[in-house]
Amino acid sequence: MLRFIASFCVLALALPAYGEGYYVGLGTSLNNTNDLDHENDGIRLDWGAKVHPNLDLEWNLVDLGESSYNDPIFVAGNTDDTDEDNDRHTFKNTGFGEVNSSAGSYTGISKIHVKGLGVGLKWHGAYTSWLDIYARGSMLAWQGDTNSIEVYGEREALDSNGDPLPDGSSETPANLNPCGHLNYCRIEETGKKYWAVNYWFGAGFVFSPLDWLKLRTEASSVILKAEGFPQVQYESIGATVEVHFD
C-alpha cells in the first residue's frame, strides 16, 4: 500500500511538468471470482493523458490481492463393500491440482497473488455537467505468485512388504508420509510464478465535484490465462480519486 501511495504522490507532482491534459488516480476495488474460494480487495494506480477530447491513453498499476482455494477433503477408499468405484483414495472439493489415489495425496495450488501493469484507451463522454460515462479497453501484463500445497490423508500402517501392521506393533511403519507420521499431513510452500498478457475491460462513471478533482467508479473484468495456470476471471467494482491537470 505504501508503494502505491508513494507512486501516486510522485506522479501527481511530476505530470504537470509535461504539459496539460494529464491525470493520476489512486483507488481500491472489491474483487470477486467464482473460480476460487476466497478473494481479498485490490489496489490500483491509474495515470493517463488526453489524446482526444473524448479519448484518453491510460496506464494502470494494479494489485488484485491474494486469492485462495479451500483445502480439499480426503475421502478414504473403502474395500469392505461391494462398490468397486470407491475402493481408491480420493479427494473432494479440489481446487487446481492432481490427486494421487495410490499415495492418498493431493498436490496443487493453494494461493494466488496477482499484480499487473495495464495500458489501453478510455473513451468518455459527458452525461451531465458533473457526470461523465466511460468505457475502457486495455491489455494487462500480469504476474501471479502462487503457493503450492501437498495434502496426505490418514493411512494404514504397513510394513516393508506392504502388509498391514497389527495393532500395538512396535515396528516403525514403512509408509510414513512426508510429515513423518500416518495422520493428516499438510505441506505448503512457495510455488511457481506465472505471467501473461490478457485483455482487461472496464466501464463506469466519473463524478466531478471540482474541475481538478474527480471521483471514478468502475466495473471491470479480466480473464487471466497462462500455461499451467488455473484460468481465473476477476470481476471488480472499484472507486478511485483522480487529480486532473487540464
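Below is a short write-up of the structure.

Conventions used here
What you see as residue numbers is a count from 1 along each chain, following the sequence as written. Given that this is a predicted model, residues contribute local features only at a pLDDT of at least 70 and side-chain atom pairs are listed and counted only at 80 or more, while totals for whole chains, interfaces and linings are drawn from all residues. With hydrogens and water excluded, all non-hydrogen atoms of the structure serve as input to the side-chain values. Strands here mean DSSP runs of E at least two residues long; helices mean DSSP runs of H or I at least four residues long; both are numbered from the N terminus. Whether a residue is buried, partly exposed or exposed follows from its accessible area with a 1.4 Å probe, protein chains only, as a fraction of its type maximum: under 20%, in between, or over 50%, in that order. Contacts were defined at the residue level, with two residues in contact if any of their heavy atoms lie within 4.5 Å. Areas reported as accessible are Shrake-Rupley estimates using a 1.4 Å probe. Residue values count occlusion only from the protein chains shown. Polar contact is the term for a pair of N or O atoms within 3.5 Å; when the atoms are in protein, one must be able to donate a hydrogen and the other to accept it, and sequence-neighboring residues count only if both atoms are side-chain atoms. Criterion for a disulfide: a pair of cysteine sulfur atoms at a distance within 2.5 Å. One side-chain nitrogen of Lys or Arg within 4 Å of one carboxyl oxygen of Asp or Glu is enough to make a salt bridge. Pairing between two strands requires that DSSP report at least two bridges joining them.

Before going further, it helps to spend a moment on the overall build of the protein chain. Along the protein chain, the regular secondary structure elements total one helix and 12 strands. Ordering the α and β elements of the protein chain from the N terminus gives α-β-β-β-β-β-β-β-β-β-β-β-β. Burial statistics for the protein chain: of 246 residues in total, 39% are counted as buried. Relative to all contacts within the protein chain whose residues are 6 or more apart in sequence, the contacts with residues 24 or more apart total 60%. As displayed, the protein chain has an accessible area near 13900 Å², and 54% of this comes from carbon and sulfur atoms.

The topology assignment puts His-124 in strand E8 (residues 105-126). His-124 gets classed as buried once you look at its relative accessible area, which sits at 12%. Side chain to side chain, His-124 and Asp-56 meet in a polar contact 3.3 Å long. Setting aside residues up to four positions removed in sequence, His-124 forms contacts with Pro-53, Asn-54, Leu-55, Asp-56, Asp-132, Ile-133 and Tyr-134.

Note that Ser-67 resides in strand E4 (residues 55-68). Looking at Ser-67, the relative accessible area reads 0%, which means it is buried. Excluding residues within four positions of it along the chain, Ser-67 makes contact with Leu-36, His-38, Glu-39, Ser-110, Lys-111, Ile-112 and Tyr-234.

Considering all chains together, one arrives at one disulfide under this definition. Note on cysteine connectivity: Cys-179 is disulfide-linked to Cys-185, with sulfurs 1.9 Å apart. Disulfide Cys-179 to Cys-185: torsion about the S-S bond roughly 70°, handedness right-handed. Of the residues examined, Cys-179 reaches a relative accessible area of 33% and is grouped as partly exposed. On the accessibility criterion, Cys-185 (0% relative accessible area) is buried.

Our next topic: unusual backbone geometry. Of note in this structure, Asn-93 is not a glycine but carries a positive phi near 60°. Structurally, the position occupied by Asn-93 is in the loop between strand E6 (90-92) and strand E7 (96-100).

Overall, the coordinates contain 12 salt bridges when judged by the stated rule. Here Asp-71 and Arg-186 are joined by a salt bridge, their closest N and O atoms 2.5 Å apart. Within this pair, whereas Asp-71 is found in the loop between E4 and strand E5 (73-75), its partner Arg-186 is found in strand E10 (residues 185-207), the two being separated by 115 residues in sequence. Residues participating in the shared-partner salt-bridge network are Arg-44, Asp-46, Asp-56, Glu-58, Lys-122, Arg-136, Arg-216, Glu-218 and Glu-242.

Let us now look at the pairing of strand E9 (residues 131-152). Across 21 bridges, E8 lies against E9 in antiparallel orientation. Paired with Gly-125 across the strands is Ile-133, a residue of E9. Taking the residues that link successive antiparallel strands as the turn, the E8-E9 hairpin has four residues. Examined bridge by bridge, E9 and E10 share 21 bridges and lie antiparallel to one another. The residue of E10 that forms the bridge with Leu-131 is Phe-207.

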